[in-house]
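# Overview (structure and organization)
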Amino acid sequence: MIPAPAAHAMTSEKPAVALPTSAAAATVLTDEATQPKVEVKDLNVYFRTNHAIRHVSLSVQPQTVLAVIGPSGCGKSTFIRALNRMHDLVPGARVEGKVYVDGKDLYARGIDPVLLRRRVGMVFQRPNPFPTMSIYENVAAGLTLNGIGGNHHETVERCLRQAALWDEVKDRLKHAGTSLSGGQQQRLCIARALAVEPEVLLMDEPASALDPIATAKIEELIHELKEKYTIIIVTHSMQQAARVSDNTAFFYLGELIEIGPTAQIFTNPRERRTEDYVTGKFG
Amino acid sequence: MMNLHSSFLYRKMVDRGMAVVCALLFLVAFIPLLSVLWLVITKGAAGLSWDFFTQLPKPVGEEGGGIGNALIGTLAMVAIACVLGLPLGVGAGVYLAEKGDGTIGNTIRFMAEVLSGVPSIVIGIVAYALVVKPMGHFSALAGGVALAILMIPTLARATEELVRLVPGSLREASLALGVPNWKTSMRVVIRTAMSGIVTACLLAVARAAGETAPLIFTALNNQYWNFDPRAPTASLTVQIYNYAISPYDDWHTKAWTASLVLLLVVGMLNVASRVMTRSRLKGAR
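Heads up: these notes are all about the structure in this document. (Residues numbered from 1 in each chain as written. Chains lettered and ligands numbered in written order. Predicted model: local features only at pLDDT ≥ 70, side-chain atom pairs only at ≥ 80, totals over all residues.)

This brings us to the overall build of chain A. When its secondary structure is counted, chain A shows 12 helices and 10 strands. Taking all 283 residues of chain A together, 48% fall into the buried category. Pairs at least 24 apart in sequence give 69% of the contacts found in chain A among residues at least 6 apart. (Helix = DSSP H or I, 4+ residues; strand = E, 2+ residues; numbered from the N terminus. Buried ≥ 20, exposed ≤ 12 C-beta atoms within 10 Å, placed from the backbone. Contact = placed C-beta atoms within 7 Å.)

So, on to the interface of chain B and chain A. Counting residues at the interface gives 22 residues for chain B, matched by 26 residues for chain A. Put simply, the parts of the chain that give the side of chain B that touches chain A at least two residues each are α7 (168-176) and α8 (181-209) of chain B. In terms of residues, the side of chain B that touches chain A owes the most to one element, α7(B), which gives 7 residues. Per-class residue counts for the side of chain B that touches chain A are 10 nonpolar, 6 polar and 6 charged. (Nonpolar A, V, L, I, M, F, W, Y, C, P; charged D, E, K, R; others polar.)

Another aspect to go through is the packing of helix α5 (residues 120-135) of chain B against helix α6 (residues 140-165) of chain B. Residues and elements named next belong to chain B. It is the contact of α5 with α6, at a shortest axis distance of 9 Å, that shows an interaxial angle of 135°. Viewed along their axes, α5 and α6 adopt a mutual orientation that is oblique. Remark: the crossing between α5 and α6 carries right-handed chirality. Judged by residue contacts, Ser-120, Ile-123, Gly-124, Val-126, Ala-127, Leu-130, Val-131 and Val-132 of α5 engage Leu-141, Ala-142, Val-145, Ala-146, Ile-149 and Leu-150 from α6. (Axes fitted to C-alpha atoms, helices over the stretch in contact; angles between N-to-C directions. Parallel < 35°, antiparallel > 145°, perpendicular 65-115°, else oblique. Left-handed = near helix turned anticlockwise from the far one by under 90°.)

The phi angle at A:Gln63 is positive, at roughly 55°, despite the residue not being glycine. Secondary-structure assignment places A:Gln63 in the loop between β2 (50-60) and β3 (65-69).

Okay, helix α5 (residues 135-144) of chain A next. Residues and elements named next belong to chain A. Among the 10 residues that make up α5, 7 are buried, leaving the element largely enclosed by the rest of the structure. By the burial criterion, the buried members of α5 are Ile-135, Glu-137, Asn-138, Val-139, Ala-140, Ala-141 and Gly-142. Here the buried face of α5 lies against α6 (153-162), α7 (166-169) and α8 (182-195).

Topologically, B:Gly210 is positioned in the loop between α8 and α9 (213-216). In sequence terms B:Gly210 and B:Leu236 are 26 residues apart; their C-alpha atoms lie 8.3 Å from each other.

The next point concerns the nonpolar core. Grouped together as the largest cluster of nonpolar side chains are 148 residues, with contacts concentrated most on A:Val68, A:Ala191 and A:Ile233. Among the elements that take part in this core, α6(B) stands out by supplying 16 residues, more than any other. Not counting residues within four places of it along the chain, the set of residues in contact with A:Ile233 comprises A:Val65, A:Ala67, A:Val68, A:Met203, A:Pro206, A:Ile222, A:Val244 and A:Ser245. (Core = buried A, V, L, I, M, F, W, Y, C linked by C-beta atoms within 7 Å.)

On to the pairing of strand β6 (residues 120-123) of chain A, then. Residue and element names in this part refer to chain A. Covered by surrounding structure in β6 are Val-120 and Met-122 together with Gly-121 and Val-123, the residues of both alternating faces. Sheet analysis places β6 next to strand β7 (residues 200-204), joined by 4 bridges and oriented parallel. Following the sheet pairing, Gly-121 is matched in β7 by Leu-201. (Pairing = 2+ DSSP bridges.)

From the geometry alone we can't say anything about function, so treat these as descriptive.
So this is what it looks like as structure tokens:
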């Protein structure tokens, strides 16, 4: 895990909000001096005979946001679920290829998916707070369920603040997590994911069930989280991808068609299919 | 415009009509339930007294006496059935829900379904062969085993359904936090289903407490106090049966009163299940 002070030191040298300009993103993408945080090589995912992800290779630099876009059923979710081994539990699912996080292959022998998932957190499409737990317990769940006892007040407050939810819930931390509105529940789930201090945060359409105001809050949050985390976000909304990401990957029928700086993907894509999709000709 | 208006009136009438039909059907269904309660209360309440709960049954012709031994016997046998049946039933249900998609799971599920359809008297005979025969005499233990066998299949199926109702997204959320599989099952999935499982357990216990047939060949009966699980034991249901088939008016009254006691025991279990499963969280839905 990144020690928090180091991360703060890094962020203080950067501009407060890193704009997804093509120049900045391009350097991030081509900068060979830094090791990619996440590197995928020839990834294939099968559900029994269905070849859902086909030969995908890409890399993500630390402290950047990668947006994954594409029409429904193109394998966006399947792809990011492969990055924290969520397919392990799906009967009939098979993953081939290599996924490196900090240079270590997730699918190598002897890698414990449980330990891995503590480093690669995930926020799901629908808010899924634990219904038997209070707001406080939901945020602390990643710690308490992993047997870390004691007082989690500081962690809970920090994560709720990071998720821009603290002011709304600070007076009712003992209320049920499910008593919140949909947008609040989703921010609660983000706070819960942050509490285990992951290095990579996977977000599977985190705003698809939310109204524009809640969506804006979550996008703002992504900008802030980028200072510390590496984020891969699946989104249906191309505007959202344009707003939050440094780089964008376009998936179609299980293949990675194109990846590049977000501005380039939306204004000057290399591939015809990307252009057709981002200009709304299909999908 | 006229047409639209009349069709609106028509729809409103059908709506009213259907509401009335539903209310009537509810009343029809409610009558037997009310009449059972009414009969048991009016005929049984007269016999209620402190002695009824604390005394042994008296021989025919003598006034007074109670069913204290039968009450203790029923509670003891239900307790034995709980110790044996609840862990096995709930455990089997959790297994079926979490790991039961293979051949073993399907076999167990099929067996549980068949077993839950077996008449309770047959289970009494099985418990007779399994426990009474080898021991050489009737016992509370045999009665408890019979009740446990009765509880396990229904409890297993109910638990399985309840655990399967827990959304997969909660399991995923827990796994994504790096919580191991078994802990996710125990602390997230089963904990979410827990209120339902507690209700299912209490309903199974209530059902077992009301069984007569499996006890006739297993616990038999006993006119005296008995605190030895290896000896024949009285139970409320068998006592009610004996009193009800007797030719004496006094015993008939006692049968009604004992029925009322049994109803109260079962009713209290139901209330307990409501209280125990109430959410401790504010604003919980």
